[in-house]
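# Topology and contacts: notes
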Amino acid sequence: MLYYKYHAVHDNTPQLLAMFSPCSPLATLIFFSCILHFAQQASTSSFIGQGYRLISIQIAPDAAIHALLQVKQTNNIYGADIPLLRFYAKHETENRLRVHITDAKNKRWEVPYDLLPREQPPPLKQSIEFLKKKNSTWVSEYSGSELVLTYTPDPFSFAVTRKSNGDTLFNSTSDDDSHPFGPLVFKDQYLEISTKLSKDASLYGLGEHTQPHGIKLNPNDPYTLFTTDISAFNVNADLYGSHPVYMDLRNEGGKAYAHGVLLLNSNGMDVFYTGTSLTYKVIGGVLDFYFFAGPSPLNVVDQYTSLIGRPAPMPYWAFGFHQCKFGYQNVSVIEEIVENYQKAKIPLDVIWNDDDHMDGAKDFTLHPVNYPRSKLLKFLDKIHNIGMKYVVIIDPGIAVNESYEVYQRGMANDVFIKHDGEPFTGQVWPGAVYFPDFLNPKTVSWWGDEIRRFHELVPVDGLWIDMNEASNFCTGKCRIHEGRICPNETQPWICCFDCRDIINTKWDNPPYKINASGVHAPLGSKTIATSAVHYNGVLEYDAHSLYGLSESIATHKALLDIQKKRPFILSRSTYVGSGKYVAHWTGDISSRWEDLRYSIITMLNFGIYGIPMVGADICGFFITFTDHEELCNRWIQLGAFYPFSRDHADFNSPRQELYLWDSVAESARNALGMRYKLLPYLYTLNYEAHVSGAPIARPLFFSFPSYVECYGLSTQFLLGKSLMISPVLEQGKTQVNALFPPGTWYSLFDLTYTIVSKEGTYVTLDAPLNVVNVHLYQNVILPMQQGGMVTKEARTTPFSLIVTFPAGANDGEAQGNLFLDDDELPEMKLGSGYPIATYIDFHATVREETVKVWSQVVEGEFALEKGWIIDKISVLGLNGGGELHRVMIDGEPLTYVSNVKVYKREHKYLHDEGDGRNNIEMVEFESLNIPLGKNFSLSWKMTY
C-alpha cells in the first residue's frame with residue numbers, strides 16, 4: 001500500500017530542460033577561474049560543489065516517483081558535473097524500496113540486467129516526456145507498507161525512515177557539525193553521496209575484507225571495493241569480492257531493529273565510515289540503492305536474497321570434509337592420501353587437485369605422465385564406488401599456444417577480452433594468456449563446450465574457479481620477450497614479459513584514485529587493463545568486479561547442462577548475486593593464529609552477502625608458523641564447523657593432511673565425527689538458505705538481536721539458530737572464555753553438561769588440545785545421524801533427535817525440522833508430485849508433567865523408500881526425581897513396543913551464581929525403530 005503527501009505547482013520543466021545545453025564560454029571561464037578555490041576546499045574537506053536542486057517531480061501510474069535534479073554550480077574537481085539527473089524511486093515490495101539516480105540525458109553503465117535479473121526503471125526518454133506534463137504533482141512524502149521516503153528540494157537530499165517506529169535508516173542531508181559531509185556529487189567518473197548514522201548503530205558488511213577489529217565495521221578503517229588478487233592475510237584491503245551492502249543493527253529500549261542498504265554498482269569505490277556517517281565515493285556507474293526494512297537480521301538477508309537470488313542448493317557430499325594441496329605431484333599421491341585418511345579413520349568425502357593434474361598449467365588438460373587418463377579414471381572409479389568425489393581447478397586465463405586446442409577454438413570463436421583491437425595479453429600459471437569475455441554469449445557457449453569436452457575426458461564432480469578477479473602476474477601492455485623462458489620454472493608468478501604501464505586514458509588513470517590494494521595502486525595493477533573492452537563495447541573499467549560472477553554463471557550453466565545434476569562450484573571472486581551459483585572460500589591465508597580468528601569474521605560476513613557455503617583453508621594456505629601441529633589441532637576443531645570444510649595448502653608449504661600428527665588426527669576424529677553426525681542438520685540449513693537466504697553460519701546476534709553484548713562478538717558463531725561453536729583461537733590455551741546469551745545451553749559432546757545463563761554471562765570452558773566446545777540452545781529439536789567415513793555411508797544410518805527444554809521447565813516447547821532429498825537433482829524443492837524429497841517438522845512440549853514429542857511429515861514417501869528410521873530420542877532439561885508413567889508411542893502403550901530402552905541421567909549443572917547441581921534430568925529412548933517418513937507421537941507422564 002502506498003500513499004503520498006503532495007501539492008500541485010506550475011510545471012516549468014520544458015524551459016528548464018532547454019537551459020541545460022553545454023556551458024557558455026563565459027560560464028566555462030568563470031568555472032575555470034574557480035578551480036583553484038575548489039581544489040583548495042577539497043584539500044581541507046570532503047565537500048565538492050553545492051549539490052543539486054529539485055526542479056520537477058511526479059508520481060507515475062505504476063506508483064513510482066520520477067524527478068529531475070539540476071546541478072547548482074559546476075566545478076571540475078574530478079571532472080565536470082553532469083548537469084541534469086533523473087531521480088527514480090519505487091516501493092518494489094512491502095519491505096524493499098529502490099532509489100535510482102542517473103544522468104537524465106545519457107544512458108550510463110549499470111550492472112547488466114541479464115547478469116543480475118531485476119526490475120528495470122523506465123527509459124530516460126519516457127521519464128523526461130512524463131515530467132514535461134503540466135500540473136506536476138510535487139510529492140513531499142512517498143510511503144510504502146514499511147518504508148517512507150522524504151526529500152529536501154534544495155540542495156537535494158533524501159531520507160528513508162521506518163514507518164513502525166520512525167527510525168531514520170538513511171539520510172543524505174548534512175545539517176549540523178556532527179555530520180560533516182557534503183551534498184550529492186554526480187560526475188562521469190566520480191559519484192559521492194553520504195548518509196547520517198545513529199551513534200548507536202552497529203554496521204556489518206561492505207566486503208570483501210579481512211577485518212582485524214571484528215565483524216562490526218570499525219570507524220575510520222578503509223573500506224574499498226574492487227576485486228583484487230592480494231592474499232587475504234592483508235587486513236583492511238580490498239580482496240577477491242565486491243559486496244557493497246551493509247546491515248545496520250540498533251537496540252532501542254531493549255528491542256532490536258535491523259535494516260539493509262545495497263548500492264548496486266560494480267565500479268570501484270571507497271566507503272568512508274566515521275561512526276556517525278557513511279560516505280560513498282564511486283568512480284562510475286549510477287547510484288542504485290535498495291533499502292531493506294528488516295526488522296530482524298534474518299529478515300534483512302531474506303529480503304536481500306529475494307532481490308539478488310537465493311543461494312544455490314549444495315549437494316549432500318559438499319558438506320563432507322575436503323582435502324587439497326597445490327603440489328599433489330601425481331595420481332599415486334592422491335591415492336595414498338585417500339588410503340591414509342581411511343586408515344586413520346578420519347572422514348573424507350572429496351579429494352581435490354590444484355594445477356598439478358594439468359599439462360603445463362593449461363585448463364582442460366591432463367598431464368600425460370603424472371596424471372595419465374587411464375590411471376586417473378581407475379582411481380575415480382574406486383573412489384566413486386565408495387561415494388567419494390573429485391574436484392579440480394580451472395583458471396580463466398587461456399594459454400596462448402598455437403598447438404593448444406582450447407586456445408584454437410577460443411580464437412576461432414573470438415571469445416577474448418580486447419585491447420587496442422587485439423586480445424589482451426596477461427600472464428598467469430601457463431605463461432602468456434588471454435582472458436575469456438564472459439559477457440559475450442559466444443564465450444558462454446564456448447566455455448560450456450570446453451567443460452563438456454573435459455568432462456568427457458575426466459568425469460569430475462565439481463569445479464573450482466580461481467584467479468578470477470581477474471588475476472594477472474603482469475601490469476600494463478605486455479609483449480613476450482624473444483628468447484626468454486616464460487614462465488620462470490621456479491617462480492612462475494613473477495612477470496617475465498616486457499610491459500609498459502597504460503596511463504594515457506581516463507579509464508586507466510581516473511581523476512579520483514580509490515584505495516586499491518590498500519595502497520592506491522593503479523586500477524590495472526596485476527589485472528586486466530581497465531581500458532580493455534568487453535562485448536558490445538563494455539569497458540573493463542566498469543565491469544571489472546563482475547568478472548567472477550560472470551564466470552560463475554557460465555560455469556554453473558555448463559555443469560548443469562552436462563551433468564543434469566546439482567552443480568558444485570567453488571569461486572574465489574564474487575559479487576552481489578554470486579551465491580546463486582557458487583560456494584566461496586576465503587582465499588590465500590597464512591598459518592597464523594590471527595588468520596584462524598579472522599576466518600570466522602569473513603565466514604560470517606559472507607552469510608550476510610547471500611553466500612552461505614563458505615569456509616577457510618583449514619590449517620592455513622601459506623605455512624609460516626613454527627608450531628603448526630597445535631595450530632592445526634585448533635583449526636580443524638573450528639574448520640569442522642565451517643559450512644564448507646576443506647584443508648588446503650600452497651605448493652611450497654609442507655604437507656598438512658590431518659593424519660600426519662597423532663594429536664591432529666584425534667582432534668579431526670572428534671570434530672569431524674561430530675560434523676558427520678550433524679549432516680542432516682547442516683543439509684536442512686542448506687535448504688533453509690536456498691528458500692530464504694538464511695546463513696548457515698551466523699553471528700550470535702541473528703538469534704539474540706536484543707542482546708547487545710553479542711553485537712561485536714567475533715570469536716564464536718552459530719550454525720543455524722541454535723548450535724554455538726566456541727573454539728580456542730590462541731596459542732597455548734586450554735580454556736576458552738565463551739559468551740552464553742540468556743537461556744539454557746547443553747554441551748553437544750556431553751548432553752548432561754548444562755549451562756544456565758539467566759541474564760547472559762561469560763563462562764570459562766575447559767578446552768584440552770583435542771576438545772572443541774559446541775553447545776545446543778533450549779527449545780530446539782536437533783536431528784542427527786550416526787556419522788561415517790563418507791556422507792554416502794552416514795546418510796544410511798539411523799536418526800536420533802535431541803530435544804532441549806529450558807532447565808527444569810514445567811511448561812515449555814521445542815521445535816526443529818528436517819529436509820531430505822535426492823541431492824543429485826538440480827532443484828531443491830517440495831511439491832513435485834514425485835517421491836524426491838521429504839520435509840518434517842518436529843515438535844515437543846512439557847506441560848502439567850506430561851511430555852510429548854511428535855512429527856508432522858510432508859511428502860514422506862521419499863524417506864519411506866530410503867528406509868530411514870528414528871532410533872533414539874533424548875529429552876533434556878526435565879525436572880528430576882520423577883517416574884515415567886503411561887509411556888505411549890502412536891497411541892499404544894510402550895509395553896507393546898519391543899526392545900525399547902529408557903534411560904534417565906542427571907545433568908551436571910552450571911548457572912550464573914556458580915557451579916552446583918540441580919535436580920534436572922535427561923530421558924533417553926533407544927531402539928525405537930520409528931519410520932522417519934510417517935507421523936509419530938511419543939508421550940509420557942512424569943509423576944513425583
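Residues numbered from 1 in each chain as written. Predicted model: local features only at pLDDT ≥ 70, side-chain atom pairs only at ≥ 80, totals over all residues. Heavy atoms only, no water.

### As for the overall build of the protein
Along the backbone of the protein there are 17 helices and 56 strands. Along the three orthogonal principal directions, the C-alpha set of the protein runs to about 100 × 75 × 55 Å. The buried share among the 944 residues of the protein stands at 62%. Partitioning the contacts of the protein with sequence separation of at least 6, the portion at a separation of at least 24 is 71%. Accessible surface, the protein as shown: approximately 33,900 Å² in total, 51% of it carbon and sulfur. Here the protein carries 79 positive and 104 negative side-chain charges, and the mean point of each set is 4 Å from the other. (Helix = DSSP H or I, 4+ residues; strand = E, 2+ residues; numbered from the N terminus. Buried < 20%, exposed > 50% of the residue type's maximum accessible area, 1.4 Å probe, protein only. Contact = heavy atoms within 4.5 Å. Areas by Shrake-Rupley, 256 points an atom, 1.4 Å probe, with all protein chains shown as cover. Lys, Arg positive; Asp, Glu negative; His and termini not counted. Charge placed at Lys NZ, Arg CZ, Asp CG, Glu CD.)

### Observations concerning the pairing of strand β46 (residues 837-847)
Burial runs high along β46: nine of the eleven residues are buried. Bridging between strand β45 (residues 811-821) and β46 involves eleven bridges; their strand directions are antiparallel. Within β46, the position partnered with Leu818 by the bridge is Ile840. Inspection of the sheet shows β46 paired to strand β47 (residues 850-858) by nine bridges, in the antiparallel sense. Across the sheet, Arg847 pairs through a bridge with Thr850, a residue of β47. Between β46 and β47, which follow one another and run antiparallel, lie two residues, and Glu848 among them has a positive phi close to 50 degrees. (Pairing = 2+ DSSP bridges.)

### Observations concerning the sheet that holds strand β11 (residues 191-196)
Here five strands make up an open sheet; going across it, the order is β10-β11-β17-β16-β13 and the pairing antiparallel. Of all the strands in the sheet, just β10 (185-186) and β13 (223-225) have a single pairing partner and so form its edges. In this sheet, strand β16 (residues 269-273) lies alongside β13 in antiparallel orientation, the contact comprising three bridges. Residue pairing across strands places Leu225 opposite Met269, the latter belonging to β16.

### So, the nonpolar core
Soluble, globular proteins show a tendency: their nonpolar side chains are buried together. Ranked by internal contacts, the top residues of the largest apolar core, which has 199 residues, are Tyr390, Phe641, Leu658 and Leu719. The element best represented in this core is helix α12 (residues 593-608), accounting for nine residues. Each residue touching Leu658, except ones within four places of it in the same chain, is listed here: Phe321, Tyr341, Ile346, Cys619, Cys632, Ile636, Asp647, Val664, Ala665, Ala668 and Leu672. Counting residues in each nonpolar core, the second largest holds 49 residues, with Ile65, Val139, Ile193 and Phe289 among its members. (Core = buried A, V, L, I, M, F, W, Y, C linked by side-chain atoms within 4.5 Å.)

### Examining the confidence of the model for the protein
This prediction gives the protein a mean pLDDT of 92; 92% of its residues lie at or above 70. Long-range and interchain partners of residues 1-45, a stretch whose pLDDT sits below 50, account for 71 contacts in this model, where long-range means more than four residues apart. (pLDDT = per-residue confidence, 0-100.)

### Observations regarding the packing of helix α13 (residues 628-639) against helix α14 (residues 662-677)
Remark: α13 packs on α14, axes separated minimally by 8 Å, with the N-to-C direction vectors making an angle of 5 degrees. By the criterion of interaxial angle, the relationship of α13 to α14 is roughly parallel. Contact residues: α13 offers Glu629, Cys632, Asn633, Ile636, Gln637 and Gly639, while α14 offers Ser663, Val664, Ser667, Ala668, Ala671, Leu672 and Arg675. Among the residues making up the contact of α13 with α14, the classes are represented as six nonpolar, five polar and two charged. (Axes fitted to C-alpha atoms, helices over the stretch in contact; angles between N-to-C directions. Parallel < 35°, antiparallel > 145°, perpendicular 65-115°, else oblique. Nonpolar A, V, L, I, M, F, W, Y, C, P; charged D, E, K, R; others polar.)

### Some words on the state of the cysteines
With the rule as written, the count across this model stands at four disulfides. Sulfur-sulfur distance for the disulfide between Cys486 and Cys496 comes to 1.8 Å. Classification of the bridge connecting Cys486 and Cys496 rests on its S-S torsion, roughly 65 degrees, and on that basis the disulfide is right-handed. With Cys486 in the loop between β28 (477-480) and β29 (497-500) and Cys496 in the loop between β28 and β29, the pair connects residues that are ten residues apart, well separated along the chain. If one numbers only the bonded cysteines of the protein, in the order they occur, the disulfide pattern is 1-4, 2-6, 3-5, 7-8. (Disulfide = S-S within 2.5 Å.)

### Concerning the side chain of Ser757
Mapped onto the elements, Ser757 comes out in strand β40 (residues 753-757). Among the polar contacts listed, one links the side chain of Ser757 to the backbone oxygen of Phe740, at a separation of 2.8 Å. (Polar contact = N/O pair within 3.5 Å; in protein donor to acceptor, adjacent residues only side chain to side chain.)

### Focus on the layout of surface pockets
Of the volumes computed, that of the largest pocket is approximately 1,100 Å³. What lines the largest pocket is a set of 40 residues, and nearest its centre among them are Phe326, Trp429, Phe473, Pro492 and Trp493. Its residues placed into classes, the lining of the largest pocket shows 17 nonpolar, twelve polar and eleven charged. (1 Å grid on protein atoms, 1.4 Å probe; cavity = no way out; pocket = protein on both sides within 12 Å on 5 of 7 lines; lining within 4 Å. Points joined across faces, edges and corners; volume = space filled by probe spheres on them.)

### Here we look at the environment of Arg479
Within the fold, Arg479 resides in strand β28. A relative accessible area of 53% places Arg479 in the exposed class. Expressed as a C-alpha distance, the spacing of Arg479 and Asn686, which sit 207 residues apart in the sequence, is 47 Å. Non-local contacts of Arg479, meaning those with residues more than four positions away in its chain, are made with Phe497 and Asp498.

### Brief notes about helix α9 (residues 441-457)
For α9, with 17 residues, the first-to-last C-alpha span of 25 Å sits near the 24 Å given by 1.5 Å per residue. As for α9, its buried residues are in contact with β21 (389-394), β22 (398-399), α8 (405-412), β27 (462-465) and α11 (547-563). The backbone nitrogen of Lys442 lies 2.9 Å from a side-chain oxygen of the residue at the head of α9, namely Asn440. (Expected span 1.5 Å × (residues − 1).)

### Points about unusual backbone geometry
For the bond from Gly294 to Pro295, the omega torsion is 10 degrees, close enough to zero to count as cis. Examined against the element boundaries, Pro295 turns out to sit in the loop between β18 (287-292) and α5 (297-308). For Lys526, which is not a glycine, the phi torsion comes out positive at approximately 55 degrees. With respect to the helices and strands, Lys526 occurs in the loop between β29 and α10 (540-543).

### Thoughts on the pattern of salt bridges
Once their charged atoms are close, side chains differing in charge can pair, the charge on each being opposite to the other. A complete count under the given rule lists 42 salt bridges for this structure. Here Lys72 and Asp154 are joined by a salt bridge, their closest N and O atoms 2.7 Å apart. With Lys72 in the loop between β3 (65-71) and β4 (84-93) and Asp154 in the loop between β7 (147-153) and β8 (156-162), the pair connects residues that are 82 residues apart, well separated along the chain. On the basis of relative accessible area, Lys72 is assigned to the partly exposed category, the value being 26%. A salt bridge links Asp588 to Arg572; its shortest N-O distance comes to 3.8 Å. With Asp588 in the loop between β31 (583-585) and α12 and Arg572 in the loop between β30 (569-571) and β31, the pair connects residues that are 16 residues apart, well separated along the chain. A network of salt bridges, in which partner residues are shared, links Asp229, Asp466, Glu469, Arg572 and Asp588. (Salt bridge = Lys/Arg side-chain N within 4 Å of Asp/Glu carboxyl O.)

### Comments concerning α11
In this model α11 runs 24 Å from its N-terminal to its C-terminal C-alpha over 17 residues, within 8% of the 24 Å that 1.5 Å per residue would give. α11 sits mainly inside the fold: twelve of its 17 residues count as buried. Among all positions in α11, only Tyr547, Gly548, Leu549, Ser550, Glu551, Ser552, Ala554, Thr555, His556, Ala558, Leu559 and Gln563 are buried. Here the buried face of α11 lies against α9, β27, α10 and β30. Within two residues after α11, Lys564 carries a phi angle of roughly 55 degrees, on the positive side.

### Quick look at the packing of aromatic side chains
Scanning the entire structure with this criterion turns up 52 aromatic pairs. Measuring from ring centre to ring centre gives 5.3 Å for Tyr78 and Tyr512, while their planes differ by 80 degrees; the resulting arrangement is edge-to-face. Residue Tyr78 is found in the loop between β3 and β4, and its partner Tyr512 is found in the loop between β29 and α10; the two are separated by 434 residues along the sequence. Classification of Tyr512 by relative accessible area gives buried; the value is 8%. (Phe/Tyr/Trp six-rings, centres within 6.5 Å; stacked < 30°, edge-to-face > 60°.)

### A look at the environment of Phe704
Structurally, the position occupied by Phe704 is in the loop between β35 (697-698) and β36 (717-719). You can call Phe704 buried: its relative accessible area is 9%. With 88 residues separating them in the primary sequence, Phe704 and Lys792 have C-alpha atoms 35 Å apart. Excluding anything up to four places from it in sequence, Phe704 contacts Cys710, Tyr711, Pro741, Pro742, Trp745 and Tyr777.

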